[in-house]
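Tertiary structure, described
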Amino acid sequence: MNVADVRAGGTRRAAGAVVDAVVVGAGPNGLAAAICLARAGRSVTVLEGATTVGGGLRSAELTLPGFIHDHCSAVHPFGRISPFFRSVELAPHGLAWATPPIAIGHPLDDGSAVVVRGDVAATADGLGERDADAYRRILGPIVQDWDRLMPDLLGPLPLPRRPRQAVRLARFGWYAIPPASWLVRRFAGRRARALVAGAACHSQLALSEAVSAAAALIMLATAHVDGWPLPVGGAGRLAEALAAEFTRLGGTIETGRPVTRFDELPEHRVALFDVDPQQLLGIAGARLSAGYRRALRRFRPGPGTFKLDLALDGPIPWRASELGQAGTVHLGGTFEEIAFAEAETAAGRVPDRPFVLLAQPSLLDRTRVPGSGETVWAYSHVPNGSTADVTEPILRQVERFAPGFRDRILATTVTTPADLEAYDPNFRGGDIAGGRMDLWQLFTRPSLRVLDPYTTSDPRILICSASTPPGGGIHGMSGMLAARSAMRRLLKQ
Ligand SMILES: Cc1cc2nc3c(=O)[nH]c(=O)nc-3n(C[C@H](O)[C@H](O)[C@H](O)COP(=O)(O)OP(=O)(O)OC[C@H]3O[C@@H](n4cnc5c(N)ncnc54)[C@H](O)[C@@H]3O)c2cc1C
């Protein structure tokens, strides 16, 4: 056991003393919850099962010495702009960001690429005359209203009190609630349709499913608003900065402390769990009502993820040269091809030509590689718990748009769904988003407590992981909102 720190300048917590809050799990949401509670003057202890903090936000030399790869999250659409991240100052802890000139690139078989850069107009211009207007008309108002929309989009079911906000949300919902396959009907050309398909895949749903369009719009809007930045030095730097901020506020982190039973927790007033519903059942099931336990058991996982980390001896030789400026590249070709691949995954099959989400962090951040090397992070969706080897299909998709790419590979590390679950028990069956993000589970994560989904049937037990709204991703919002809920509980005690 390794005690990271105690209240700065304060008194060390006496053995056996009651802490206001114990947080199980030092993922981005656990750390966000811990920071919010510590900021409110509460004593907080975080217990992390792994030997380092971060959960889905860690980096390491996964291939060759000197090549720093991100185990899980690489690109951070909300890393600077979510209400939680806007509320914390992490630069004093050494955190710096690299913003790619092109947030998203999407190559096509004719050797060209659709790219999202800067403002909406610049991107619309690259979509062809027919679709530029539609793109401006749909994305323009979302980007313009982003600061007002975001707090409602990154939380439980929005219940706007002001008519103007209701109108904004209704307008967003008009485009976002239907499937991506409906959203693309507003575009005539291949380029815009492909761009929407790639962005919609972040929903991890079939593109014929409701709210897959929401992911497309949110991903494109964040790309315009903040450009999908990457932490300099690796995603793990963001987790380290969060941990440093928490300990600065006086909190304590104990790593190497996997929790399997509730009675392993130190004395506390409230406990917040940065874990998935199955683990919550295992740890605290005996304290939860039969109805709540049933809800946790019924909670459905999302698809699995099959990931490759590659060390290259030089940049990917994209046919579309502008992709050399893109932080993230969506591979899969046209809307129809991508929709087919994601439908196959949703149906429990492994597609021959999968959709591939690829990031090339070292193009922007040379601290991650030695010499002229490059790191590549790439994954595809597979059925939950799949044991299929998707290495070749992923490599073929890259080679398709970058002939000669394979010759640049120095080393490859494969991470299967089972490896992901072994790495972090929250990633059950390789599900990286804390549960399926369909229309129902977006707002009933992990149970029907839609107004305060962070509470459970026991007033002293809360859940703060990605299995609560707004779901997967590095935004810290589940943690922040769970901490607010915990504060209400603490004030009542
Ligand atoms: C391959 C992959 C790629 C991804 N890419 C991106 C991306 O590019 N951008 C993005 O925004 N998001 C991405 N994500 C998703 C993102 O990483 C997760 O949604 C996010 O980490 C969830 O945060 P969390 O705090 O809820 O849970 P986690 O990150 O899972 O953290 C939970 C923490 O709790 C610990 N823990 C779990 N159980 C216990 C226990 N019983 N006792 C003690 N400790 C415990 C774990 O070790 C872990 O440290 C990716 C995820 C993966 C796996």
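As the structure is a prediction and not an experimental result, all values here were calculated from the model.

A few words now on the pairing of strand β7 (residues 102-107). With six of six residues buried, β7 is to be regarded as a mostly interior element. One ladder, built from three bridges, connects β7 with strand β13 (residues 326-331); its direction is parallel. Bridging from a neighbouring strand, I104 pairs with T328 of β13. In terms of strand pairing, β7 meets strand β8 (residues 113-116) through four bridges, oriented antiparallel. Within β8, the residue paired with P107 across the bridge is A113. The turn linking β7 back onto β8 is made up of five residues, and G111 within it adopts a positive phi angle of 90 degrees.

Segmenting the chain into domains produces domain 1 (2-95 + 231-300 + 430-492) and domain 2 (98-134 + 177-229 + 302-423). Measuring from the centre of the C-alpha atoms in domain 1 to the corresponding centre in domain 2 gives 28 Å. Of the roughly 3,300 Å² buried between domain 1 and domain 2, counting both surfaces, carbon and sulfur atoms make up 60%. Summed over the three residues of domain 1 that lose the most area to domain 2, namely F67, R80 and G430, the buried surface amounts to 18% of that side. Counting every contact that joins domain 1 to domain 2 gives three salt bridges. Note that R436 and E209 form a salt bridge whose closest N and O atoms lie 2.6 Å from each other. At the surface where domain 1 touches domain 2, the tally comes to 17 residue pairs in polar contact (both at pLDDT 80 or more). A class-by-class count of the residues in the side of domain 1 that touches domain 2 yields 19 nonpolar, eleven polar and seven charged.

This part takes up unusual backbone geometry. R445 connects to P446 through a cis peptide bond whose omega is -10 degrees. Residue placement: P446 occurs in the loop between α16 (439-443) and β17 (461-463). In this chain, P469 is followed by P470 through a cis amide linkage whose omega measures 10 degrees. Mapped onto the elements of the fold, P470 is located in the loop between β17 and α17 (477-492). Of note in this structure, Q204 is not a glycine but carries a positive phi near 65 degrees. Checked against the element boundaries, Q204 lands in the loop between α8 (190-200) and α9 (212-226).

Let us now look at the pattern of salt bridges. The tally for this structure, following the rule as stated, stands at 31 salt bridges. The partner of D438 in a salt bridge is R300, with the nearest N and O atoms 2.7 Å apart. One end of the pair, D438, is in the loop between α15 (417-423) and α16; the other, R300, is in the loop between α12 (290-298) and β12 (304-312), and 138 residues separate them in sequence. Since its relative accessible area comes to 8%, D438 is described here as buried. A relative accessible area of 35% means that R300 is categorised as partly exposed. Two residues, E337 and R353, come together in a salt bridge whose shortest N-O distance is 3.0 Å. Of this pair, E337 sits in helix α13 (residues 335-346) while R353 is found in the loop between α13 and β14 (356-359), placing the two residues 16 residues apart along the sequence. Each of D109, E337, R353 and R400 takes part in salt bridges that share partners, so that together they form one network.

Before going further, it helps to spend a moment on the site of the ligand. Around the ligand there are 38 residues in total, and E48, G56, V75, D424 and G473 lie nearest to it. In the environment of the ligand, an oxygen atom lies 3.3 Å from a nitrogen or oxygen atom belonging to the side chain of R58. Contact between the ligand and I432: an oxygen atom at 3.4 Å from a main-chain N or O atom of the residue. Expressed as a share of its isolated accessible area of 990 Å², the protein-covered part of the ligand is 94%. When residues of the shell around the ligand are traced back to their parent elements, those giving at least two are α1 (28-39), α11 (277-284) and β15 (374-382). Of the residues contributing to the shell around the ligand, the split by class is 19 nonpolar, 13 polar and six charged. When residues of the shell around the ligand are sorted by domain, at least three fall in each of domain 1 (2-95 + 231-300 + 430-492) and domain 2 (98-134 + 177-229 + 302-423).

This paragraph deals with helix α5 (residues 146-153). For α5, the full list of buried residues reads W146, L149, M150 and L153. Buried residues of α5 fall within an arc of 105 degrees about the axis and therefore sit on the same side. Summarising the contacts, the buried residues of α5 are in contact with α2 (83-87), α4 (129-144), α6 (163-176) and α9.

Moving on: the packing of aromatic side chains. For the structure on display, the rule yields three aromatic pairs. Residues F84 and F85 carry aromatic rings whose centres are separated by 5.1 Å and whose planes lie at 65 degrees to one another, so their mutual orientation is edge-to-face. Look at F85 and you get buried, because its relative accessible area is 5%.

Looking now at the packing of α8 against α9. Here α8 crosses α9 at 100 degrees, and the two axes come no closer than 7 Å. One way to sum up the angle between α8 and α9 is to call them roughly perpendicular. Along the contact surface, α8 presents L195, V196, A199 and A200, while α9 presents S212, A215, A216, M219 and L220. Among the residues making up the contact of α8 with α9, the classes are represented as eight nonpolar, one polar and no charged.

This part covers the sheet that holds β13. Spatially, seven strands are ordered β8-β7-β13-β14-β15-β12-β16 in an open sheet, and the strand pairing comes out mixed. Each having just a single partner strand, β8 and β16 (409-415) make up the two edges of the open sheet. Adjacent strand axes in the sheet meet at a mean angle of 20 degrees when their direction is disregarded. Here β12 pairs with β15 via nine bridges, running antiparallel.

It is worth spelling out the environment of H268 at this point. As for its position among the elements, H268 is in strand β11 (residues 268-273). Sequence separation of H268 and S43 is 225 residues, and the distance between their C-alpha atoms is 9.4 Å. When neighbours within four sequence positions are excluded, H268 is seen to be in contact with V18, V19, D20, V22, F262 and R460. In this structure the side chain of H268 is engaged in a polar contact, spanning 2.8 Å, whose partner is the backbone oxygen of P266.

Parameters and conventions
Residues numbered from 1 in each chain as written. Predicted model: local features only at pLDDT ≥ 70, side-chain atom pairs only at ≥ 80, totals over all residues. Heavy atoms only, no water. Buried < 20%, exposed > 50% of the residue type's maximum accessible area, 1.4 Å probe, protein only. Helix = DSSP H or I, 4+ residues; strand = E, 2+ residues; numbered from the N terminus. Pairing = 2+ DSSP bridges. Domains from an automatic or database assignment. Buried area = accessible area lost by both parts, 1.4 Å probe. Salt bridge = Lys/Arg side-chain N within 4 Å of Asp/Glu carboxyl O. Polar contact = N/O pair within 3.5 Å; in protein donor to acceptor, adjacent residues only side chain to side chain. Nonpolar A, V, L, I, M, F, W, Y, C, P; charged D, E, K, R; others polar. Near = heavy atom within 4 Å. Areas by Shrake-Rupley, 256 points an atom, 1.4 Å probe, with all protein chains shown as cover. Arc of directions from axis to C-beta. Contact = heavy atoms within 4.5 Å. Phe/Tyr/Trp six-rings, centres within 6.5 Å; stacked < 30°, edge-to-face > 60°. Axes fitted to C-alpha atoms, helices over the stretch in contact; angles between N-to-C directions. Parallel < 35°, antiparallel > 145°, perpendicular 65-115°, else oblique.

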